[in-house]
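Next come the chains, spelled out residue by residue.
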Amino acid sequence: MPRRNDIAKILVIGSGPIVIGQSAEFDYSGTQACKALKAEGYEVVLVNSNPATIMTDPELADRTYIEPLTREYVEEILRIESEMLREAGRGGKFALLPTVGGQTALNLAVDLSDSGILDRYDVELIGAKLEAIKKAEDRLLFKDAMTRIGLDMPRSALVNNLRDGVDFAGKIGFPVIIRPSFTLGGSGGGLAYNREELMEILSRGLDLSPVHECLIEESVLGWKEYELEVMRDLADNVIIICSIENMDPMGVHTGDSITVAPAQTLTDREYQAMRDAAIRVMREIGVETGGSNVQFAVHPNTGRMTVIEMNPRVSRSSALASKATGFPIAKIAAKLAVGYTLDEIPNDITKMTPACFEPTIDYVVTKIPKWQFEKFPGADENLGPQMKSVGEVMAIGRTFKESLMKALRSLETGKKIGAELLEPKRLTQRLVTPQPERLSYVRFAFRQGLSVREVARMTAMDPWFLYHIKEITDTIAKVGEQNGESITPELLRKLKRQGVSDERIAEVWGKPTNDGVAEVRELRYRHGIKPVFKLVDTCAAEFESMTPYLYSTYDEEDEAAPTAKRKVIILGSGPNRIGQGIEFDYCCCHAAFALKEDDYETIMVNCNPETVSTDYDTSDRLYFEPLTLEDVLAVYEHEASSGAEIGMIVQFGGQTPLNLALRLKAAGVPILGTSPESIDLAEDRKRFGKLLEELDIPQPPGAIATSVEEALAGAERIGYPVLVRPSYVLGGRAMVIAYDSEAVSRYMKEAVEYSQERPILVDHFLEDAVEVDVDALCDKKDVVIAGIMQHIEEAGIHSGDSSCVLPAADLAPATLETIRTYTRKLALALNVVGLVNLQFAIQRRAGQPDKVFVIEVNPRASRTVPYVSKATGVPLAKIASRLMTGRKLRELLPEQTASGRDLETGTHFYVKSPVFPWNKFPGVDMALGPEMRSTGEVMGVADNFGEAFAKAQLSAGQRLPLKGTVFFSVNDRDKIHLVELARDYMELGFQIVATEGTANKLAQAGLVVERVYKVKEGRPNVVDLIKGDRIQLIVNTTQGQDTFFDEKAIRRAAVLQRIPTITTIAAARAAAEGIEALQQHQTNVYPLQHLHADLPSRHTRYAPS
Amino acid sequence: MQAILALEDGRIFRGEGHGAKGECYGEVVFNTSLTGYQEIFTDPSYAGQIVVLTNPQIGNYGTNLADNEANKPYIEGLVTREFSPVSSNWRSQQVADEYLERFQVPVISEIDTRALVRHLRTHGVMRGVISSIETNTDAMVEKARAIRKMDGTDLAKTVSTKARYEWETDGPDPLSQPKVLELAASAEDTRPDLHVVAYDFGIKKNILRMLSKEGCRVTVVPAETSAEDVLAMGPDGVFLSNGPGDPEPVTYAQENIRKLAGRTPIFGICLGHQLLGLALGGKTYKLKFGHHGGNHPVKCMDSGKVEITCHNHNFAVDPDSMKLSDVDLTHIDLNDNTLEGMRHRTMPIFSVQYHPEASPGPHDSNYLFRDFRNLMEEWKR
Ligand SMILES: Nc1ncnc2c1ncn2[C@@H]1O[C@H](COP(=O)(O)OP(=O)(O)O)[C@@H](O)[C@H]1O
Ligand SMILES: Nc1ncnc2c1ncn2[C@@H]1O[C@H](COP(=O)(O)OP(=O)(O)O)[C@@H](O)[C@H]1O
Ligand SMILES: [Mg+2]
Ligand SMILES: [Mg+2]
C-alpha cells in the first residue's frame, strides 16, 4: 500500500515540557516524524509548548504553534487550520498523528476525540485509532483483551475509591501495586506493603488519574522484566525491532532500571514465545500502524510469563531501541501512518535492504538512568513502580562488561567509580532496597567477598549480569596488585576490554590525578592498546553499512577510517539533568546543521539516547561515546589521524564539555571559539573580580572563606543578607541565602565541605532586585545582543527556575543601555567567539537611578538560547558556530552589527516559564531559591504581557482561575507589597482569604478579608479550605524555618488539588495581569512562521538545514 | 587455553580455546541469530561447517535436552566473541562449554568476530581450521586448503539415520508447563490421523514436532530409501528434510523424488527444497556467504505479507532455471531476491528454502505445516 494521497495536512502533537517520565526522546521522535512527513510532501502543522526543541524549529513544519497543549488551544489550531485547508480548495483530508508526542499527545488526542472536536473539524486520527488507544491505556479493557488472547497477567482490580482498593488488597494479599490510569511514567503509582501505605498511595493515585481510577495489582516483584519494541503496518506485517532486558527486576520502573539490549538470558523458545505474545497483543489491541512497546515479566524459576503493559505509541524505550539498533522507529512509524508498508521502505543504514526485517546486533547496549535526589531533600529515594530519574545514558560495547563500564562513566556522577561513599553496615539493606546507588553496592559486595548467589538473592538481579560485574571487580583487584612497570600487556588489555577507564586504573594505582591518568594512557600507547571504532549497522555486518554511526571498543579491526574532509567535532551534553537539559542538545544539533551547510564534516560525540543529537542523520558522523577525557581524546586522535583540518566545539554542551576544555587543549586538541582560558577566567572568582574592577562594572560585594570565622567576618563586612555557596558549582548547587550570622555558621558547619582549593563564596544578597538574563553573540570585534530577558521572579530565584519575558517588560531605557554596555565590555574583554550569557541583578530605589550588578558570566551557549532563537527568529547557535569557524558578525548579522541594535522580537511578548517535578516528589518543599530544580520549560506568546504569561503558566500546568478566592500568606519582607497586590485581585473580582498576620495587614488597609487558621492553630484551617475546593489560587511566599511546616502542608494539598500556587510577589503581580487578559475570554494562537515574517527582514532567518 | 583460527586465504585469528581441546576443520559460515545457539549447535545442516555467531555473548543460558535439534551437536567448531563459563536460566541443565567439550567440539572465543564476518562477507565463505594444539599457522592454513570442498559433496548420506524409525515425541516437553510457552504451537494438538514418511537428510527434531502437532504419525527413513519402499508404506504424504552440503551430488534422492512426484503430496524444506528443484529440472547454485540467521524478510506471494524467517542455506535454487518446470515461485527473500519457496501448478508439491519450523527463529511461517496437512487431506478425497 503506497502513500495515502487522500491526506493533505497532518497535525503533529509534541509532548510539551521536559518532565520526569517524558524527556528529550519525544523531541527526537517528533522531529523524525515531522521530517518524514514533510519529505512525503504533506503540509505539516506542529503544536508543542516547549521552545527548547528541535521539532519546534520553523523549518521542520509548515506552521509551528508554540502553544499550550490543552483542549481549547489545540481546538483553535484545528479550527484555523481546517479553515485554511478548505479555503485552499485543493481538497484532501486533515489528519492528526498522536503517537509521537508521548502520553501527553495521546491523552490530548483522546480528549479531543471524546469531546467531539475531531469530528467537528473532520480530522482523522492516524497511527493509532481511538479504540486502540483506549484498549491499551485503560487498564481494565487491556486486561480483558489479554485474557481474550490467552495471555497471563497479574491478578488485578480496577477501583475508584479507597474501600474497594483495601478490600481487594485483602483478597490477593500484600504487597500490591497501585497504578493510576492514564498517567505518564507511572505518576502516582506505588507499591504498598500494608493497609496504611495503600490508603496513602491510592488516594494520591486517584487524584492524579484524569479518570479518577487506579488498578490494584498482584505483585510480581523480583521477576525478570523485559520489553519488546514492536512495529506493525497496514498490511499486518509485524516485526520486533529490539528486545530489552531489565537488570533491575520487576518492581523498579523500566525508566529507573539499568537495561540491556538485546535480552541476554532467554532461550530461543522463551524469546519466541514472548515475540508471539507481543505480536498477538499488537493485533488484539489493534494498533494499526507504527511502533509500540510491550512489557513482560518472567518468573526466574518457572518461566511463567505475564504481560505487564503496552504503550501504543513510540516511547522512551523505542528511542533507546532506535539508538541501540540503528532502526529509526519514529521515522518509520510516521511513514507507516500515511499508508506505506514496511517492505516499501528502505533500511536507511544499508540502503540495499528493506526496513521490513528484524535488526540483529553484534554488540551489547546498556542504559543507566540518572537521578538527582540531592536536589529534592526529603524525597523518597527508593525506586519503585513510579519513575524518578531525570535522564539516562546509553553505552555500546562489544560485550556486556564493556558497555556497562562505558555507561557508568557516561553518568558523570562526579564521584569516582568505586570511590562512592558507601555505608558497609547497610550493605544488605542497600542491596535489597533498590536505590540509585545500588550498583555501587553490588560492586562493593563483591569486593567484600560476597558470592554471586548471595548478591543475586538479595537484589533479584539475574546471576548472569552479576557474574560479569564480579569478573570486572576481580580483574580490577588483580591490577591493584600490579603497577605501571609490573603489569603485563595482556592483563592491561584484558582490563580495557572489560571497559575499565584509565581514570579507574590510575585510581587503583593511587594516582587519581590528571598526570596519573595521562601516565596510564602513555602506558597503553606503549603497548599499542588503543580502541578501534565499529559500526552500528542493524545487521551484524551481514550487509555493508552506508551510515557512519560509530562506537569504540577494544577489538582488532577498525572499520571507520576518517575522511580527509575538513571537520568539526561537537561535544554533546551527556545525560539530561536539571540545569543541563535539552537546550544544550538543541545548540549542538544547530552547530551540526550550520557547519554541514558550510561544508564541514560534522562529527557528534554524545552518550544520551534520548536526544536528536544522537540521531545518525543529525551529523555526518556520530560517535556514541562517553564524554570523558579518555573517550573524547580517542575520538579526536582517530579523526585527526587523517591529517585533515580539524577543530572541536565545547561551547554548546553545557558544563560537561567545558570541564574537559582545558585538559583537551593541553592534550593538543584545537578548541574552536572562546578559548578555554577565558572560560576558566570567568569561573575563577578572584581573577574575574579583578577583571570587573578594571572594567569598573559593579558586582555584589563578596568574600571568599575557608573557615567559619572567615565566613562570618566576610558576611559582616559585606552586610547581610548574604548568599553562601561552594565555588565551582552548577545550577546553584548547595546555595543558601543567610539572613544572620547564625545561619551562616550553620551552613558552614553542616551544609557543605570546603577546602583551600575549594573555598566558600560569600556574596551580599541583593534583595528585591530584578534579575536579567542576557544572551549575546561576539566575534572578538563586534557584539550583537540577542536578547535581554527580564525575570518575573526577583533575583534569588535561580535563573533557570524563574519565568522571564522578552522583550523586557518594564526596564528603564537607561538601565537597558547600561546592561548593553556591560555586556559589550565583558564579551570583548573575555575575547568571546560565539555565544555568551550574562546575568544581572538590578536594584531599583525610588528616586534613584537603577543600579546594575553583574551576577555571573558564562562564555558559552546558555539554557535560554533556543527560547531567544524562537522569539527573535534568529538561529543563534547556528550563527555562533559559524563565528567559531571564523566567519564574522558583519557578514552574518550586518544590520545589527552596524546599527548596534539588539535582535528584535516585534510586537509580541514571549514568556518562558519553568516546570517543576513536584508531583513526583510529594512532600518536598516547593519554595524556589537559588538552587535550580525545574526539569523543563514552556513558552507563551501573545501581543500583551499578561496573556503571554497566562499561556506560559497554563502550559506549565498552572491554570490560572478567572474568579473565586485567593489565599494570601506572605512573609514580613513581602508585606509592603501586599495591600496593592490584594487590591488588584479584588478589582478582578476575587475574594481574599488570609492567615492572621497577613489578614491584619489587609484589614488595616480597609480590605474585606476572610481569616483562616494556620494548620497548627486549629480547624477549619487553610488546608481544609484547599481540600474543600474553597480556594482557587494560592499566593504563599516563604517565611523561613518556623512556618516551613505549614507551607509544606499547604503546597502539598495544592499539588493534589491542582490549585495554582505562586511563591513570589512578582509572579503574583504577573498572574493578576494574566488573569485580566484571560477574563477577555480569548484563545489566540500564533504560528511561529507568521510571527517571524512580521519581524524586520534578516537573511539568517530560516537558514536551510 | 589458547586457540587459533586459520582460514584458507591465510587470515589468522588468535583467541581463547574452550570446549574440546584439539582441532577441527570445516567451511566457515556466520549466523546472525540473536537467540538459539543450542539449536544451531545441534542442527545437522551444519555438518562440515565451523559456525561464527555474530551475537557476542554466547552460552548465557546454558543448554538443556529439550532444545536439541538432534541428539548431538553437528557443528564442527564454534567461533564467538565471548563464551560464558556460567549459565543462567531456569531450564539450563549443562553449561554450554561443558556440553561442547563432551561432544568433542572445539571453540575459539575472544576474537574479533565482526572482523571475521566482514572478511567472509567480502571474500565469501571459505575453509578454516580451529586448533588449540597447533601453533604453526602456516601448517594450519595448509590444512585448511586440504579440507574437502563443500561443493560437490554429499553430506546428507553421512548424517542421515541408518535405520527407519517411528517418531515419538521426545518425552514430555518441560516447556509445556508454563502455559504461555505453548504459544509456540500454532495448532492445538490433534490425535494423529495422517501418516507422513519423512526423508532424513539431516532432519531437525522441531520439524518432527511440528508434524506431529499437526496430527501426523511420522516415519523417518534413511536418505537412500527408494521411492518404491516409501510408497509401500502407504503414506498420506512425503516430507523432504533439511540437510547439509551440496544438493547436486545427492542424485539418488532426486531420482526418488521424480518417482514420487504426483503420486503423493510432497513438502520440502531447505535441502529438501533444493532436491525438489533439481528433480523438477531446475538448477542450484552456491551463494557467496549463504543465509544464516533468524531475521530474513521473505515475501509470501500468495498473501503479499512478509514473514520474518529463519534461514540456514549456502545453496539456492536458480529461479530462472525453474521457468519450464510448471511451478509458481511462492516465496522471495526481500534482502537479495533469493528464491525461498515454490509450489507445483498441477502436482501436490510445495517447498520452502527457509525453516518454517524455526527453532531457532520466528514462528511466522508455522502455517506451512498446516498447509501440508490440508494438502494431504485434499489428496485423500
Ligand atoms: N504487578 C507488578 N508487580 C511488581 N512490579 C510491577 C507490577 N506491575 C508493574 N510493576 C513495575 O512498575 C513499573 C511500571 O509499570 P508499567 O505498567 O510499565 O507503568 P508505566 O506506564 O509507568 O510504564 C514496571 O516497569 C514494573 O517494574
Ligand atoms: N548577589 C546575589 N544577589 C541576589 N541573587 C543572587 C546573587 N547571586 C546569585 N543570585 C541568584 O542565584 C542564582 C544562581 O546564581 P548563579 O551565580 O547564576 O549560579 P549558577 O551558575 O548556578 O547559575 C541566580 O540566578 C540569582 O537568581
Ligand atoms: Mg512501562
Ligand atoms: Mg546563573
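The rules we used
Residues numbered from 1 in each chain as written. Chains lettered and ligands numbered in written order. Predicted model: local features only at pLDDT ≥ 70, side-chain atom pairs only at ≥ 80, totals over all residues. Heavy atoms only, no water. Helix = DSSP H or I, 4+ residues; strand = E, 2+ residues; numbered from the N terminus. Rg over C-alpha atoms; globule rule 2.2 N^0.38 Å. Buried < 20%, exposed > 50% of the residue type's maximum accessible area, 1.4 Å probe, protein only. Contact = heavy atoms within 4.5 Å. Areas by Shrake-Rupley, 256 points an atom, 1.4 Å probe, with all protein chains shown as cover. Pairing = 2+ DSSP bridges. Axes fitted to C-alpha atoms, helices over the stretch in contact; angles between N-to-C directions. Donors = N, O, S within 2.8 Å, 3.2 Å for Na, K, Ca; no water. Phe/Tyr/Trp six-rings, centres within 6.5 Å; stacked < 30°, edge-to-face > 60°. Lys NZ or Arg CZ within 6 Å of the ring centre and 35° of its normal. Near = heavy atom within 4 Å. Polar contact = N/O pair within 3.5 Å; in protein donor to acceptor, adjacent residues only side chain to side chain. 1 Å grid on protein atoms, 1.4 Å probe; cavity = no way out; pocket = protein on both sides within 12 Å on 5 of 7 lines; lining within 4 Å. Sits in = over half its atoms within 2 Å of the grid points. Nonpolar A, V, L, I, M, F, W, Y, C, P; charged D, E, K, R; others polar. Points joined across faces, edges and corners; volume = space filled by probe spheres on them.

## A look at the overall build of chain B
Counting its secondary structure elements, chain B contains ten helices and 19 strands. In terms of overall size, chain B behaves like a compact globule, its C-alpha atoms giving a radius of gyration of 20 Å where 381 residues would be expected to give roughly 21 Å. Its C-alpha atoms give chain B principal-axis dimensions of about 65 × 50 × 40 Å. Here chain B holds 381 residues, and 68% of them are scored as buried. For chain B, restricting intrachain contacts to residue pairs at least 6 apart in sequence, the fraction spanning at least 24 positions comes to 76%. Approximately 13,000 Å² of chain B is accessible, and the part contributed by carbon and sulfur atoms is 50%.

## Describing the sheet that holds strand 30 (residues 833-843) of chain A
Residues and elements named next belong to chain A. Taken in spatial order, the seven strands make up an open sheet running 31-30-27-28-29-32-33, and their pairing is antiparallel. A strand with exactly one partner marks an edge of an open sheet, and here the two such strands are strand 31 (851-858) and strand 33 (936-942). Within this sheet the neighbouring strands show an average axis-to-axis angle of 25 degrees, counted without direction. Relative to strand 29 (residues 804-806), strand 28 (residues 783-794) runs antiparallel, the two sharing two bridges. Bridged to His 791 within strand 29 is Cys 804.

## Some details on the coordination of the magnesium ion (ligand 4)
For the magnesium ion (ligand 4), every protein donor is listed as A:Gln839 (OE1), A:Gln839 (NE2) and A:Glu856 (OE), and the spread of their distances is 2.2 to 2.6 Å. Of the two residues, A:Gln839 is situated in strand 30 and A:Glu856 in strand 31; the sequence distance between them amounts to 17 residues.

## Let's talk about the packing of aromatic side chains
For the structure on display, the rule yields 25 aromatic pairs over all chains. Judged by centre distance (6.2 Å) and plane angle (45 degrees), the rings of A:Phe327 and A:Phe357 are tilted. One end of the pair, A:Phe327, is in the loop between helix 10 (316-325) and helix 11 (329-337); the other, A:Phe357, is in the loop between helix 11 and strand 15 (364-370), and 30 residues separate them in sequence. Note on B:Phe267 and B:Phe369: the rings are 5.7 Å apart at their centroids and 75 degrees apart in plane angle, and the pair reads as edge-to-face. Within this pair, whereas B:Phe267 is found in strand 14 (residues 266-269), its partner B:Phe369 is found in helix 10 (residues 367-380), the two being separated by 102 residues in sequence. Exposure class is identical for B:Phe267 and B:Phe369. Each is buried. Among the aromatic residues, ring-to-ring pairing joins A:Phe373, A:Phe376, A:Phe916, A:Trp918 and A:Phe921 into one connected group. Here the basic side chain of A:Lys335 rests over the ring of A:Tyr340, its NZ or CZ set 5.9 Å away from the ring centre. The ring of B:Tyr74 carries the charged tip of B:Lys72 above its face, separated from the ring centre by 4.0 Å.

## Some words on the site of ligand 1
Residue and element names in this part refer to chain A. For ligand 1, the set of nearby residues contains 21 residues, the closest of which are Arg 179, Glu 218, Val 220, Glu 225 and Gln 295. At 3.1 Å, a backbone N or O of Gly 251 approaches an oxygen atom of ligand 1. In isolation ligand 1 exposes 550 Å². Once the protein is present, 96% of that is buried. Placement of ligand 1 is best described as lying within the largest cavity. Mapped by element, the contributors of at least two residues to the shell around ligand 1 are strand 7 (176-180), strand 9 (214-218) and strand 14 (305-311). For the shell around ligand 1, the per-class residue count stands at eight nonpolar, seven polar and six charged.

## Describing empty space enclosed by the protein
A volume near 630 Å³ is recorded for the largest cavity. In terms of lining residues, the largest cavity is bounded by 42 residues, among which A:Arg139, A:Arg179, A:His253, A:Gln295 and A:Glu309 are the most central. Listed by contribution, the elements that provide at least two residues to the lining of the largest cavity are helix 1 (25-39), helix 5 (130-137), strand 7, strand 9, strand 10 (224-232), strand 13 (290-298), strand 14 and helix 10 of chain A. Across the lining of the largest cavity, the residue classes tally to 14 nonpolar, 17 polar and eleven charged. Estimates place the volume of the second largest cavity at around 290 Å³. In terms of lining, the second largest cavity is formed by 24 residues, of which the most central are A:Tyr271, A:Glu358, A:Pro359, B:Leu34 and B:Thr35. Those elements that place two or more of their residues in the lining of the second largest cavity are strand 11 (238-246) and helix 9 (268-285) of chain A together with strand 15 (284-300) of chain B.

## Regarding the coordination of the magnesium ion (ligand 3)
All names here are of chain A. Protein coordination at the magnesium ion (ligand 3): the donors are Gln 295 (OE1), Gln 295 (NE2) and Glu 309 (OE), at 2.3 to 2.5 Å from the metal. Of this pair, Gln 295 sits in strand 13 while Glu 309 sits in strand 14; the two residues are 14 residues apart in sequence, bridging distant segments of the chain. Gln 295 gets classed as buried once you look at its relative accessible area, which sits at 7%. The exposure class assigned to Glu 309 is buried, which follows from its relative accessible area of 15%.

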